[in-house]
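Fold and contact review
Listed here are the chains, written in short residue letters.
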Amino acid sequence: MLMKATVSGSDMKTGGIALHNLQKRYGSAIAVDDVSLSVSPGEFISLLGPSGSGKTTTLMMIAGFELPDSGQVLLDEKDITRLPPHRRELGVIFQNYALFPHMTVAENVAYPLRMRRLAKAEIESRVRRILDQVHLSVLASRYPHQMSGGQQQRVAIARALVFDPPVLLLDEPLGALDKKLREHLRNEIKTLHREVGKTMIYVTHDQDEALAMSDRVAVMHEGRIRQISAPKDIYRRPADLFVAGFVGEVNLVPVKLKSGMVHGPGGENLPAPAWHDADRDATLCVRPEHLHLETSPAGFGIRGRISGMTFVGDATILEFRSETGLQLLSKVLNVSAKTIPEVGDPCVASWAANDATILTE
Ligand SMILES: Nc1ncnc2c1ncn2[C@@H]1O[C@H](COP(=O)(O)OP(=O)(O)OP(=O)(O)O)[C@@H](O)[C@H]1O
Ligand SMILES: [Mg+2]
């Protein structure tokens, strides 16, 4: 397997990762708490969460640089929990990608192959091929300090891919770069993912990045996975208040569920998905782009006034204040021929029933 000649020639059936009830403590603090996750061969999955939520610790247990206190890591159904990192054959790009400063690009990329004692000619041809793939061939003889952050990042990716691992683990690989370059490189990583067909586990705290790149996103908070879903479902159907608030902007409306109806803070009926459970207090979540402010309303909604507006280029953010003092945001795209209400105008806030999520935690 290791000697296989092509970088893109991995067997598509390898590279499945399963985590079973992983737990890791540092002293009395719990960094990773009962994390279970199953990643299919070739899948692109992101671990998304705020600082300190346990993303790096989880990745390091997959890579073998940290040992879990309990639980298991499986690669293609083989238990690798206690295998040292170099015997796992997983490509790793660390949070602070460390290139060897005294080695050229080509030497950096060749390093994992030299460690594996491949023949010189084989090393040269592999290095040439992977540098070509990440568009770095012309920089092969440069040193890290002679390159931009984005170029160094590509070297780190090449170095992690060169020995043809079935799985690539990436920890905030674009963290140090500016916004434009991040967007450019995230497209490159996506393209690379399509081309090489590797399983990729990608750690980030950037919601847009996770939603744009992933087949599925696992949202982490305080060492636990709160939701694992396709990006669209993470955004449209958040499982709890943390996920709703962490991924994108959201309006939260305190509601009472009563006899199958959803009542707002002023007792008004609100549009919401059908509710068949017991009566209780809950929170209704609706995204700003789904919240409409109508000056001549029809149907259910919350009465109030426009209390402010901000122009943000392609859209206008309207602030709404209800008669009971609830503040909500509405995002309206700035397309011509659309009249936007003015500050002070009375209006009703509403949304399509299907665009609302009811959370009862
Ligand atoms: N070696 C360590 N010793 C003690 N505590 C640690 C150690 N490594 C991590 N922690 C703690 O474990 C928790 C999870 O850390 P981790 O690095 O996994 O978070 P993260 O999600 O990667 O955060 P970030 O986005 O800031 O990189 C944090 O509270 C952190 O302080
Ligand atoms: Mg981290």
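Residues numbered from 1 in each chain as written. Chains lettered and ligands numbered in written order. Predicted model: local features only at pLDDT ≥ 70, side-chain atom pairs only at ≥ 80, totals over all residues. Heavy atoms only, no water.

What follows deals with the packing of aromatic side chains. The geometry of two aromatic rings is summed up by the distance between their centres and the angle between their planes. Under the definition given, this model contains four aromatic pairs. Ring centres 5.5 Å apart and planes at 35 degrees place the aromatic pair phenylalanine 44 and tyrosine 202 in the tilted group. Taken together, the positions of phenylalanine 44 in strand 3 (residues 44–48) and tyrosine 202 in strand 8 (residues 199–204) put the pair 158 residues apart, joining distant regions of the chain. Each member of the pair, phenylalanine 44 as well as tyrosine 202, carries the same accessibility label: buried. (Phe/Tyr/Trp six-rings, centres within 6.5 Å; stacked < 30°, edge-to-face > 60°. Helix = DSSP H or I, 4+ residues; strand = E, 2+ residues; numbered from the N terminus. Buried < 20%, exposed > 50% of the residue type's maximum accessible area, 1.4 Å probe, protein only.)

As a further point, take the pattern of salt bridges. A side chain of one charge can pair with a side chain of the opposite charge when the charged atoms of the two come close. Throughout the structure, instances matching the rule amount to 14 salt bridges. Here arginine 226 makes a salt bridge to aspartate 240, at a shortest N to O gap of 2.9 Å. In this pair, arginine 226 is assigned in strand 10 (residues 224–229) and aspartate 240 in the loop between helix 7 (231–236) and helix 8 (241–246), connecting sequence segments 14 residues apart. Assessed through its relative accessible area of 29%, arginine 226 is described here as partly exposed. Taking the shortest distance from any N to any O, the salt bridge between lysine 256 and aspartate 281 comes out at 3.1 Å. Placement of lysine 256 in strand 11 (residues 251–258) and of aspartate 281 in strand 13 (residues 280–286) is noted, with a sequence separation of 25 residues between them. For lysine 256, a relative accessible area of 47% translates into the label partly exposed. (Salt bridge = Lys/Arg side-chain N within 4 Å of Asp/Glu carboxyl O.)

Moving on to the site of ligand 1. In the vicinity of ligand 1, the residues found are Tyr26, Ala31, Pro50, Ser51, Gly52, Ser53, Gly54, Lys55, Thr56, Thr57, Gln95 and Glu172. Within the backbone of glycine 54, an N or O atom sits 3.0 Å from an oxygen atom of ligand 1. Here lysine 55 contributes a side-chain N or O atom positioned 2.8 Å from an oxygen atom of ligand 1. With three residues, helix 1 (residues 55–63) is the largest single contributor of residues to the shell around ligand 1. Residue composition of the shell around ligand 1, by class: three nonpolar, seven polar and two charged. (Near = heavy atom within 4 Å. Polar contact = N/O pair within 3.5 Å; in protein donor to acceptor, adjacent residues only side chain to side chain. Nonpolar A, V, L, I, M, F, W, Y, C, P; charged D, E, K, R; others polar.)

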